[in-house]
Structures are given as C-alpha cells and as structure tokens.
Amino acid sequence: MRLFILLAAAALPAASAAAAPPRAAAVFAGGCFWCTESDFDKVPGVVSTTSGYIGGKTLNPTYKQVSAGGTGHIEAVRVEYDPTKVSYEALLQRFFKTVDPLDKGGQFCDRGYQYRSALFVDAEQRAAAEAAKKQVEAQLKKPVETLILPTAKFYPAEGYHQDYYKKNPVRYRYYRFSCGRDARLKKLWG
C-alpha cells in the first residue's frame, strides 16, 4: 500500500503539468509599456503581460536609465499567450492597431528611441512579423517605421510599473488621454 501511495504521489506533478495550457511568448514595443500592457491584457488567449526593457547594452536597467535614453533599451511588453486560443498573427494585427507605425521618433507624447514601436522576434516569428508590416504598409500606403529586431534579453520593469493601469486607473486614463494616444489611433485607424 505504501508503495502505491508513493507512486501515485510521484505521478501527480506530471499529471498537473500535462493539464497546463500551452504557452508561447512574444515581445511587443508600442511606446509606453503601461498602454501596451493594457491593450494586450484585453485579448482573449493572452495569459499574462509583463512590462520591461529589451534590446540594450546595460545590464539590469532601471526605468530612470531607460527613460533618459542611452542604454539602447526599448520599453516593451512580454506577452505570454495560449496559441490554441490566439495566434501570433492575430497578436500582430492587434499590435499594429495600437501603435502609430508611421512614427520613427517614438510613440505619441513619448519621444526617443526608447519609445519606438518594435517587434522583437525569434526565427519562427520573423516571417509573420515582416508579412504583417508589409500588409500595414499596403493598407496605409506609407512606409512603416516599426522596427523588427532579433529577440534579446528581456528585463522586467520595476514592480510599480506592472499592471499600472489597474493599480492607478485615474492616473493611467489621464496619461493616455493627455498623451493623445487614442485620438491619434482613431485618426489613423478609424
């Protein structure tokens, strides 16, 4: 009996791991990571979002360092999703509708390289990202300035940045409105 209980207990972690939904990850940079996080959290199939920094040369960068420029990092959001519920291609379509892909100087009121729109891709994601960018260029009939860069070390932002739009809804809504994000998106995408 004791052997049976030990064998059954040893099998439990494998059974619960098998029941976990599949996960994939993608990194999107759309200017302010508070807004990008908020936009992706509303997508069915997205499991989690994490605000952070990617693409730079400084190890363990801080918000103060990145926002001042010079580290080479871009504010971004790591999106974990269930690929049986939402595809990477669908996330790309969502991403482009939440940014101004024509702006190479930043996004909305946030200016500088650290606020560029960008897709950080692995080898499997590259073709889909390039196809989505070409589709947006054809739709807007203008050059798309969104960068497509190889994935790199992602550093999660400080805790107070995570879920900022949920923790500080009034400040977040004021920032988003005063930055002109939604007004520009409506003008650009209808």
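In the block above lies the structure referred to throughout.
In this text, all values refer to a predicted model and were calculated from it rather than measured experimentally.

**Some remarks on the overall build of the protein chain**
- Regarding its fold elements, the protein chain presents eight helices and eight strands.
- The principal-axis extent of the C-alpha atoms belonging to the protein chain is close to 70 × 35 × 35 Å.
- Going through the 190 residues of the protein chain one by one, you find that 44% of them count as buried.
- Counting contacts in the protein chain only where the partners sit at least 6 residues apart, residues at least 24 apart contribute 76% of the total.
- Here the protein chain displays about 10300 Å² of accessible surface, and carbon together with sulfur accounts for 60% of that area.
- In the protein chain, 27 side chains carry a positive charge and 18 a negative one; their mean positions are 3 Å apart.

**Things to note about unusual backbone geometry**
- Its identity as a non-glycine residue notwithstanding, N60 has a phi of 50°, on the positive side.
- Position of N60 among the secondary structure elements: in the loop between β2 (46-54) and α3 (63-68).
- Phi is positive for F108, close to 60°, though the residue is something other than glycine.
- Topologically, F108 is positioned in the loop between β4 (106-107) and β5 (110-111).

**Some words on the side chain of S38**
- Tracing the sequence through the fold places S38 in helix α2 (residues 33-41).
- Judged by its relative accessible area of 1%, S38 is buried.
- Apart from residues lying up to four places away in sequence, S38 is in contact with Y165 and Y172.

**Details of the packing of aromatic side chains**
- Across all of its chains, the model carries nine aromatic pairs by this definition.
- For the ring pair W34 and Y175, a centre distance of 5.5 Å and an interplane angle of 75° mean the geometry is edge-to-face. Of the two residues, W34 sits in helix α2 while Y175 sits in helix α7 (residues 169-178), which places them 141 residues apart along the sequence. Taken individually, W34 and Y175 each receive the classification buried, so the pair is uniform in this respect.
- A cation over a ring is seen here: K153 above Y155, with NZ or CZ 5.3 Å from the ring centre.

**What to know about the state of the cysteines**
- Enumeration according to the criterion identifies one disulfide in this entry.
- With a sulfur-sulfur separation of 1.9 Å, C109 is cross-linked through a disulfide to C179. The sign of the S-S torsion, about -105°, decides the handedness of the disulfide formed by C109 and C179: left-handed. In this pair, C109 is assigned in the loop between β4 and β5 and C179 in the loop between α7 and α8 (181-189), connecting sequence segments 70 residues apart.
- Overall, the relative accessible area of 41% leaves C109 in the partly exposed class.

**Let's talk about the nonpolar core**
- Ranked by internal contacts, the top residues of the largest apolar core, which has 41 residues, are F28, V79, Y88, L91, L92, F96 and L119.
- Non-local contacts of L119, meaning those with residues more than four positions away in its chain, are made with V27, F28, L92, F95, F96, A129, T146, L147, I148 and L149.
- Ranked by size, the runner-up nonpolar core spans nine residues in total, among them V27, A29, I54 and F120.

**Looking at the pairing of strand β7 (residues 147-150)**
- Taken together, the four bridges between strand β6 (residues 117-121) and β7 define a ladder with parallel strand orientation. Residue pairing across strands places V121 opposite P150, the latter belonging to β7.
- The parallel pair β6 and β7 is bridged by helix α5 (residues 123-140), and the resulting crossover is right-handed.

**Regarding the sheet that holds β2**
- Pairing is mixed in the open sheet, where six strands are placed in the order β7-β6-β1-β3-β2-β8. Edge positions in the open sheet fall to β7 and β8 (154-156), since each of these has one partner strand only. Strand-to-strand twist in this sheet, taken as the mean axis angle between neighbours without regard to direction, amounts to 35°.
- Set on the sheet, helix α4 (residues 88-97) makes contact with β1 (24-30), β2, β3 (74-81) and β6; between it and β1 the angle comes to about 15°.

How each quantity is defined
- Residues numbered from 1 in each chain as written.
- Predicted model: local features only at pLDDT ≥ 70, side-chain atom pairs only at ≥ 80, totals over all residues.
- Heavy atoms only, no water.
- Helix = DSSP H or I, 4+ residues; strand = E, 2+ residues; numbered from the N terminus.
- Buried < 20%, exposed > 50% of the residue type's maximum accessible area, 1.4 Å probe, protein only.
- Contact = heavy atoms within 4.5 Å.
- Areas by Shrake-Rupley, 256 points an atom, 1.4 Å probe, with all protein chains shown as cover.
- Lys, Arg positive; Asp, Glu negative; His and termini not counted.
- Charge placed at Lys NZ, Arg CZ, Asp CG, Glu CD.
- Phe/Tyr/Trp six-rings, centres within 6.5 Å; stacked < 30°, edge-to-face > 60°.
- Lys NZ or Arg CZ within 6 Å of the ring centre and 35° of its normal.
- Disulfide = S-S within 2.5 Å.
- Core = buried A, V, L, I, M, F, W, Y, C linked by side-chain atoms within 4.5 Å.
- Pairing = 2+ DSSP bridges.
- Right-handed = clockwise from strand over helix to strand, strands pointing away.
- Axes fitted to C-alpha atoms, helices over the stretch in contact; angles between N-to-C directions.

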